[in-house]
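Coordinate analysis (summary)
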Amino acid sequence: MTATGTDISTLLHQDHATVKALLQGFEAVPASERQRAFGDIVGELVRHEVAEEEVLYPALRDDASNGAAIADARIAEQSQAEQLLSDMEHDAVSDTSFMAKFHELRTAVLAHAEAEESTALPALVANASPDQLRQLGERYEAAKKLAPTHPHPGAPDTPPGNVVLGPVAALFDRARDAVQGARSR
């Protein structure tokens, strides 16, 4: 059972709503808070994407007749967004080039979430029992907790590579975050 007793479909819809709100509210954030706000977006997107790659897409490949094609399309979208996030982490949030990339990212992420909700989730829900969906929700929540906090576009997107290298990247990211947090105090 998940910490919330929630199935994976509901958890993904909740994550999509959270990300949508973060993306839509970003431009209203005061300039002095934008770096932090962008960090929140990066962390949320990366943890979500990694958990999907570890839990949702393998289940979709196993359970749905066209699951592999759906998973491949959604992973390709995520890979493009991950590369864009990685590029953006090197830009100053005050740069006009950053905002142009941000608009591209927002459009891509919202389109990806819509595609996922209209293809991946219905295919999975149609082929899994409520108990299986709750078990996937539990695994999804656990994967999010252990996921990296920054994009790693060169890392594998599918098992077994992402499952093996993901924890190493997460450890590196958490050390990096701790050092940066100590510097900003």
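What counts, and where the lines are drawn
- Residues numbered from 1 in each chain as written.
- Predicted model: local features only at pLDDT ≥ 70, side-chain atom pairs only at ≥ 80, totals over all residues.
- Heavy atoms only, no water.
- Axes fitted to C-alpha atoms, helices over the stretch in contact; angles between N-to-C directions.
- Helix = DSSP H or I, 4+ residues; strand = E, 2+ residues; numbered from the N terminus.
- Parallel < 35°, antiparallel > 145°, perpendicular 65-115°, else oblique.
- Left-handed = near helix turned anticlockwise from the far one by under 90°.
- Contact = heavy atoms within 4.5 Å.
- Buried < 20%, exposed > 50% of the residue type's maximum accessible area, 1.4 Å probe, protein only.
- Salt bridge = Lys/Arg side-chain N within 4 Å of Asp/Glu carboxyl O.
- Expected span 1.5 Å × (residues − 1).
- 1 Å grid on protein atoms, 1.4 Å probe; cavity = no way out; pocket = protein on both sides within 12 Å on 5 of 7 lines; lining within 4 Å.
- Points joined across faces, edges and corners; volume = space filled by probe spheres on them.
- Nonpolar A, V, L, I, M, F, W, Y, C, P; charged D, E, K, R; others polar.
- Phe/Tyr/Trp six-rings, centres within 6.5 Å; stacked < 30°, edge-to-face > 60°.
- Lys NZ or Arg CZ within 6 Å of the ring centre and 35° of its normal.

Further remarks concern the packing of helix 3 (residues 67-88) against helix 4 (residues 96-127). Contact geometry for helix 3 and helix 4: axes closest at 10 Å, N-to-C directions at 160°. Classified by the angle between their axes, helix 3 and helix 4 sit roughly antiparallel to one another. Crossing hand, helix 3 versus helix 4: left-handed. Together, Ile70, Arg74, Glu77, Gln78, Ala81, Leu84, Leu85, Asp87 and Met88 of helix 3 and Phe98, Lys101, Phe102, Glu104, Leu105, Val109, His112, Ala115, Glu116, Thr119, Ala120 and Ala123 of helix 4 make up the contact between the two elements.

Turning our attention to the environment of Leu22. Mapped onto the elements of the fold, Leu22 is located in helix 1 (residues 8-25). Accessibility expressed as a relative area gives 30% for Leu22, which makes it partly exposed. In the structure, Leu22 is positioned 16 residues away from Phe38 in sequence and 8.7 Å away in space, judged by C-alpha atoms. The contact partners of Leu22, leaving out residues within four places of it in the chain, are Asp40, Ile41 and Glu44.

Another aspect to go through is the pattern of salt bridges. The tally for this structure, following the rule as stated, stands at 10 salt bridges. With a closest N to O distance of 3.3 Å, Lys144 and Glu44 form a salt bridge. Remark: Glu44 occurs in helix 2 (residues 34-63) and Lys144 occurs in helix 5 (residues 130-146); sequence separation between them is 100 residues. Assigned by exposure class, Lys144 and Glu44 land together as buried. Because the salt bridges share partners, they merge into one network encompassing Asp15, Glu44, Arg47 and Lys144.

Okay, the environment of Gly67 next. Structurally, Gly67 is set in helix 3. Here Gly67 falls in the buried class, since its relative accessible area comes to 0%. It is 9.2 Å that separates the C-alpha atoms of Gly67 and Thr119, two residues lying 52 residues apart in sequence. In this structure, Gly67 is in contact with Leu60 and Arg61, ignoring residues within four places of it in sequence.

Further remarks concern helix 3. When the terminal C-alpha atoms of helix 3 are compared, their 31 Å separation across 22 residues agrees well with the 32 Å that a helix rising 1.5 Å per residue should span. Gly67, Ile70, Ala71, Arg74, Ile75, Gln78, Ala81, Glu82, Leu84, Leu85, Ser86 and Met88 are the residues of helix 3 that are buried. In this structure, the buried side of helix 3 is in contact with helix 2 and helix 4.

Applying the stated criterion to the full structure yields 2 cavities of 30 Å³ or more. Each pocket or cavity is described by its volume, and for the second largest cavity that value is around 100 Å³. Contributing to the lining of the second largest cavity are 13 residues, with His16, Leu45, His48, Val109 and His112 lying nearest its centre. Sorting the residues of the lining of the second largest cavity by element identifies helix 1, helix 2, helix 3 and helix 4 as the ones contributing at least two each. Class assignment of the residues belonging to the lining of the second largest cavity gives a composition of 6 nonpolar, 4 polar and 3 charged.

Taken as a whole and assessed by the stated rule, the structure comprises 3 aromatic pairs. Measuring from centroid to centroid gives 6.2 Å for Phe26 and Phe98, while their planes differ by 45°, and the two rings are tilted. You can see Phe26 sitting in the loop between helix 1 and helix 2 and its partner Phe98 sitting in helix 4, a full 72 residues away along the chain. Judged by its relative accessible area of 1%, Phe26 is buried. The exposure class of Phe98 is buried, given its relative accessible area of 0%. An aromatic cluster is present here, built from Phe26, Phe38, Phe98 and Phe102 joined pairwise through their rings. The ring of Phe26 has Arg34 sitting right over it, with the charged end atom 5.3 Å from the ring centre.

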